[in-house]
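Tertiary structure, described
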Amino acid sequence: MDKRKIAVFAILGALLSRWHGGGFHQSPKVIKNIAFALFPTIILALIIPNNNAWTYAGWLVFCFAVTLAMKAVGHGKFFDLGTWKLPAKDESIEFIIKPLWGKIPEYWYDVTGMALKGILMSLGMAIPLLVYAPVLAVPVIIGGLLLAVSYMIGWAFFPEKYATEVGEYVGGFFFYLGAGLAWWFA
């Protein structure tokens, strides 16, 4: 596969992620969730074997559903990386890291939450890859994990005004880059 396709795919991820976060034009959230989850599912369809139609279709539905659900969860209060002092409701995935609350600085708590969200979002594609070609799941999981780094970059270099927009662009770029690299190495 041509390396330029990976770059285009990663840029598509950046644009879709920013659109999901409210950029460009307003659209129903469900449409944005579907669009974001569709492309990793297509990539998975090109990677895994399709010698059994039911298993193949099941993995694709799994990938689409998990990616869509985890993108729909949102990032709640994690995205501010400890910069806001406003009360916020608990994020639906926060129960997983809640035991860390008060034991680590709020910045690192939010970074952990963003990393968790990114990893959970990557599992839709990573779990089927772990079954067929475990090494291909690595870039996908790393791409999800880098969601936290994306927001760290945003808040470090563009505090307040553009931090979240940068985080959305870079996070989508990394997630789709990981999926594209799995496709390339397949």
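Overview of the structure. (Residues numbered from 1 in each chain as written. Predicted model: local features only at pLDDT ≥ 70, side-chain atom pairs only at ≥ 80, totals over all residues. Heavy atoms only, no water.)

Scanning the protein for helices and strands turns up six helices and zero strands. Radius of gyration (C-alpha) of the protein: 16 Å, near the 16 Å computed for a compact globule of 186 residues. Seen along its three principal axes, the alpha-carbon backbone of the protein occupies a region of about 55 × 35 × 30 Å. Here the protein holds 186 residues, and the buried ones make up 45% of them. Long-range pairs, those at least 24 residues apart, make up 65% of the contacts in the protein between residues at least 6 apart in sequence. Surface accessibility of the protein: about 9,400 Å² in total, with carbon and sulfur atoms responsible for 73%. In the protein, which carries 14 positive and 10 negative side-chain charges, the distance between the mean positions of the two groups comes to 6 Å. (Helix = DSSP H or I, 4+ residues; strand = E, 2+ residues; numbered from the N terminus. Rg over C-alpha atoms; globule rule 2.2 N^0.38 Å. Buried < 20%, exposed > 50% of the residue type's maximum accessible area, 1.4 Å probe, protein only. Contact = heavy atoms within 4.5 Å. Areas by Shrake-Rupley, 256 points an atom, 1.4 Å probe, with all protein chains shown as cover. Lys, Arg positive; Asp, Glu negative; His and termini not counted. Charge placed at Lys NZ, Arg CZ, Asp CG, Glu CD.)

Before going further, it helps to examine the environment of G167. Relative to the helices and strands, G167 resides in helix α6 (residues 163–185). On the basis of relative accessible area, G167 is assigned to the buried category, the value being 0%. Separated by 22 residues in sequence, G167 and L145 have C-alpha atoms that sit 13 Å apart. The contact partners of G167, leaving out residues within four places of it in the chain, are S150 and Y151.

The α-helix winds at 3.6 residues per turn, so residues separated by three or four positions along the chain end up facing the same way. For helix α3 (residues 53–73), built from 21 residues, the straight-helix expectation of 30 Å at 1.5 Å per residue is met to within 8% by its first-to-last C-alpha distance of 30 Å. Taken together, the buried positions of α3 are occupied by Y56, W59, L60, C63, T67, M70 and K71. Angular distribution of buried residues about the axis of α3 spans 120 degrees; they occupy a single face of the element. Residues of α3 that are exposed and point over 90 degrees away from its buried face: A53, W54 and V61. The elements touched by buried residues of α3 are α1 (3–20), α2 (29–47), α4 (106–132) and α6. Its side-chain oxygen 2.9 Å from the backbone nitrogen of W54, N52 forms the N-cap of α3. (Expected span 1.5 Å × (residues − 1). Arc of directions from axis to C-beta. Polar contact = N/O pair within 3.5 Å; in protein donor to acceptor, adjacent residues only side chain to side chain.)

So, on to a nonpolar patch on the surface. Together, I11, L15, F24 and Y169 make up a nonpolar patch on the protein surface, roughly 380 Å² of accessible area in all. Relative to the helices and strands, I11 resides in helix α1. Given a relative accessible area of 46%, I11 falls into the partly exposed group. (Patch = residues over 30% accessible without salt bridge, like charges linked within 9 Å, V, L, I, M, F, W, Y side chains within 5 Å. Salt bridge = Lys/Arg side-chain N within 4 Å of Asp/Glu carboxyl O.)

Under the defined criterion, the tally for this structure stands at one cavity of 30 Å³ or more. When its volume is computed, the largest cavity comes out at roughly 40 Å³. Along the walls of the largest cavity sit S17, F36, K71, M121, L147, G171, G172 and F175, which together make up its complete lining. Residue classes in the lining of the largest cavity are distributed as four nonpolar, three polar and one charged. (1 Å grid on protein atoms, 1.4 Å probe; cavity = no way out; pocket = protein on both sides within 12 Å on 5 of 7 lines; lining within 4 Å. Points joined across faces, edges and corners; volume = space filled by probe spheres on them. Nonpolar A, V, L, I, M, F, W, Y, C, P; charged D, E, K, R; others polar.)

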